[in-house]
Amino acid sequence: MRSCIQNVVLKSNGPGVGSTIGAGVYILVGTVAREHTGPALTISFLIAGIAAALSGFCYAELACRCPSAGSAYHYTYICLGEGIAWLIGWALILEYTIGGSAVARGITPNLALFFGGEDKLPFLLARHTIPGLGCVVDPCAAALVIILTLLLCIGIKESSLVQTIVTTMNVCVLLFIIIAGGCLAFKTGWVGYELPSGYIPFGVNGILSGSAVVFFSYIGFDAITSTAEEVKNPQRDLPIGVGMALFTCCFLYMLVSIVIVGLVPYYALDPDIPISSAFSTYGMHWAAYILTTGAVTALCASLFGSLLAQPRILMAMARDGMLPSFFSDISKHTRVPVTSTLTTGILAAVLAFFMDVSQLAGMVSVGTLLAFTAAAVSVLILRYVPPDEVPFPSSVQDTIDSVSQQFSINMQKSDNDFPESSQYSPDDSDAWAKYLLLGKNRGQDEYQQKRWKIAAWSIALLCIGIVVLALAGSAQGLHSFLHVALYLVGGVLLLCSLIVLACIDQDHGMHSFGHAGGFLCPFIPFLPAVCILINTYLLINLGAGTWIRVSIWLAIGALVYLFYGRTHSSLKHAIYVPSAFADEIHRASSNHLV
């Protein structure tokens, strides 16, 4: 029992909390409080935390059913198909690579505060401008990426332990802010809340817009699901890890925001260093060193999360033939995808060394929000239209034959269901077992087929309605008639689809899909629908410039898929087996490999 608890804590406080509590909390509170929320910043963090929890619920169920290193890519591959899965995987590559490089570039300026400024940094740590090119190189960022990459290659337990230590230091800094700041606020009477403008100076719209900004402070919990294959009991540990990560982060964020906006009036906060400025107001200039330590450890933990998750996405894509097979190689000694990890680390180090990727930081959000949306849609599909067949590579043909023979005796008892037009005979036990196992020519009854079509169309129309509603809410400069028309069309599609899905029964096939037991997402279909709506709205509001850059990246990905991924796909020669037998074949093939 003790080892199980330690495993859960390690997974939740390591990649989960560490990746989620980034250095953004040390900066965002000032900008959001000044421009959007005022003293009501805490409510914005709470709303954003609830919105992130919606995606967390979806991830928790999918991680229990399909514990794979591919995370959102793998879920999409099973539920939405290879093409959309490639889109999600390619977007996640962009997210983790650019995100990791941007985080690494942010560490040097924070380290400089310990030396008295960037001009006093040692030569090997300081940034330098290459003459003639105007390129600012950052050797400190590149070196840190390489060090963490090598650490990740040693093993998941060792790297998770280091990340847990780093995250613990970060949490201790946040606790310092809460305790020391709370004591100061009690002594001074919480002057930040005694304002003529009141608690909500920017209104409800300001709180909601502030929630959209701070929502990205919760991104990172999905790193837990990327380590699913390295968790001893994923059906239990992964949902607990996701839940603990989100709860811990939301709780700390809310307490920090309560203290900071209570120490000084929100308009007096420095947008660049809001927490340091709040403490400096009371003469605690020395606190800046503690806060800088928190910012550095938060950046290191966030970088850890990116370098941990990215190789496992590459590994999952390589297994499916989407990328060269060497990305899926796993070290026999460390049980880590060393080739993928080194490739990710080298690429991130090169970007961190040569490029100022701050202008590309907005592209990071696209991969995350697309993955969150795909996870929510996948939950709806698993509940209403679960895949009835699972593809297996032709290399496991012997295993399938072996499993079919094991079932042959029981299957022969189903003679009454044997179709007269089939080429197989019940007297031939091997052929009869294979026929039933592979599910060839087995028709579903008319009611089931009809229910599947209704559910599939309802899910499709629900997504269309959400896109129309999000466009209506984001569009500016449109005639009022068009605005109303878009709201009506989107609202009707969304409402009617939800009513249909709520009235029809969920498919019983979901119980035999993937691993049985584990966490189940509540409030279906409403919770995933709200999740899709929030993520779609945020996606649309990322800006035209971001979407232009992302479109170029996705176009490159489409070419890679057409000329490599599609031609090397493992689905080209796949054997489709009913999902009810997939677990048995997985176990049999694993035992055979062992």
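For the structure, check the block above.
These figures come from a predicted structure and were not determined experimentally.

Some thoughts on the overall build of the chain
Logical step 1: Scanning the chain from N- to C-terminus turns up 21 helices and 4 strands.
Logical step 2: Burial analysis of the chain (594 residues in total) assigns 52% to the buried set.
Logical step 3: Considering only contacts in the chain between residues 6 or more positions apart, those separated by 24 or more positions represent 82%.
Logical step 4: Accessible surface, the chain: about 26300 Å² in total, of which carbon and sulfur atoms supply 66%.

Structural notes on empty space enclosed by the protein
Logical step 1: This model, assessed by the stated rule, comprises 1 cavity of 30 Å³ or more.
Logical step 2: If you add up the space inside the largest cavity, you get close to 40 Å³.
Logical step 3: Taken together, Tyr-59, Ser-71, Ala-72, Leu-92, Tyr-96, Asp-222, Ser-226, Ala-309, Ile-313 and Ala-371 make up the full set of residues lining the largest cavity.
Logical step 4: For the lining of the largest cavity, the per-class residue count stands at 7 nonpolar, 2 polar and 1 charged.

Focus on the nonpolar core
Logical step 1: With 120 residues, the main nonpolar core has Tyr-26, Ile-177, Tyr-218, Ile-275, Phe-279 and Leu-462 as its most contacted residues.
Logical step 2: Of all the elements, helix 14 (residues 362-384) adds the most residues to this core, at 16 residues.
Logical step 3: Not counting residues up to four positions away in its chain, the partners in contact with Ile-177 are Tyr-26, Gly-182, Val-256, Val-259, Ile-260, Ile-275, Phe-279 and Leu-291.
Logical step 4: In this structure, Val-145, Val-296, Leu-308 and Ala-352 belong to the second largest nonpolar core, which totals 23 residues.

Some words on the pattern of salt bridges
Logical step 1: What the rule picks out here adds up to 4 salt bridges.
Logical step 2: Across the pair Arg-451 and Asp-507 runs a salt bridge whose closest N-O atoms are separated by 2.5 Å. You can see Arg-451 sitting in helix 17 (residues 446-474) and its partner Asp-507 sitting in the loop between helix 18 (480-503) and helix 19 (526-540), a full 56 residues away along the chain.
Logical step 3: Judged by its relative accessible area of 4%, Asp-507 falls in the buried class.

Points about a nonpolar patch on the surface
Logical step 1: A cluster of nonpolar side chains, Ile-146, Leu-150, Leu-342, Ile-346, Val-350, Phe-354 and Met-355, forms an exposed patch at the surface whose accessible area comes to about 580 Å².
Logical step 2: For the nonpolar patch, the secondary structure elements donating two or more residues are helix 7 (139-154) and helix 13 (338-354).
Logical step 3: The element that contributes the greatest number of residues to the nonpolar patch is helix 13, accounting for 4 residues.
Logical step 4: When you line up the elements, Leu-342 lands in helix 13.

A short note on helix 13
Logical step 1: In this model helix 13 runs 24 Å from its N-terminal to its C-terminal C-alpha over 17 residues, within 8% of the 24 Å that 1.5 Å per residue would give.
Logical step 2: Buried within helix 13 are the following residues: Ser-340, Thr-341, Thr-344, Gly-345, Ala-348, Ala-349, Leu-351 and Ala-352. Buried residues of helix 13 fall within an arc of 165° about the axis and therefore sit on the same side.
Logical step 3: Buried-residue contacts for helix 13 involve helix 5 (82-105), helix 7 and helix 12 (287-319).

Topic: the packing of aromatic side chains
Logical step 1: Applying the stated criterion across every chain, the model contains 20 aromatic pairs.
Logical step 2: Geometrically, the ring pair formed by Tyr-59 and Phe-372 is edge-to-face, given 5.7 Å between the ring centres and 80° between the ring planes. Of the two residues, Tyr-59 sits in helix 3 (residues 41-65) while Phe-372 sits in helix 14, which places them 313 residues apart along the sequence. Each member of the pair, Tyr-59 as well as Phe-372, is classed as buried.
Logical step 3: Measuring from centroid to centroid gives 6.2 Å for Tyr-193 and Tyr-199, while their planes differ by 25°, and the two rings are stacked.
Logical step 4: For Tyr-193, a relative accessible area of 28% gives the class partly exposed.
Logical step 5: Residue classification places Tyr-199 among the partly exposed positions, given a relative accessible area of 36%.

Definitions and limits used
Residues numbered from 1 in each chain as written. Predicted model: local features only at pLDDT ≥ 70, side-chain atom pairs only at ≥ 80, totals over all residues. Heavy atoms only, no water. Helix = DSSP H or I, 4+ residues; strand = E, 2+ residues; numbered from the N terminus. Buried < 20%, exposed > 50% of the residue type's maximum accessible area, 1.4 Å probe, protein only. Contact = heavy atoms within 4.5 Å. Areas by Shrake-Rupley, 256 points an atom, 1.4 Å probe, with all protein chains shown as cover. 1 Å grid on protein atoms, 1.4 Å probe; cavity = no way out; pocket = protein on both sides within 12 Å on 5 of 7 lines; lining within 4 Å. Points joined across faces, edges and corners; volume = space filled by probe spheres on them. Nonpolar A, V, L, I, M, F, W, Y, C, P; charged D, E, K, R; others polar. Core = buried A, V, L, I, M, F, W, Y, C linked by side-chain atoms within 4.5 Å. Salt bridge = Lys/Arg side-chain N within 4 Å of Asp/Glu carboxyl O. Patch = residues over 30% accessible without salt bridge, like charges linked within 9 Å, V, L, I, M, F, W, Y side chains within 5 Å. Expected span 1.5 Å × (residues − 1). Arc of directions from axis to C-beta. Phe/Tyr/Trp six-rings, centres within 6.5 Å; stacked < 30°, edge-to-face > 60°.

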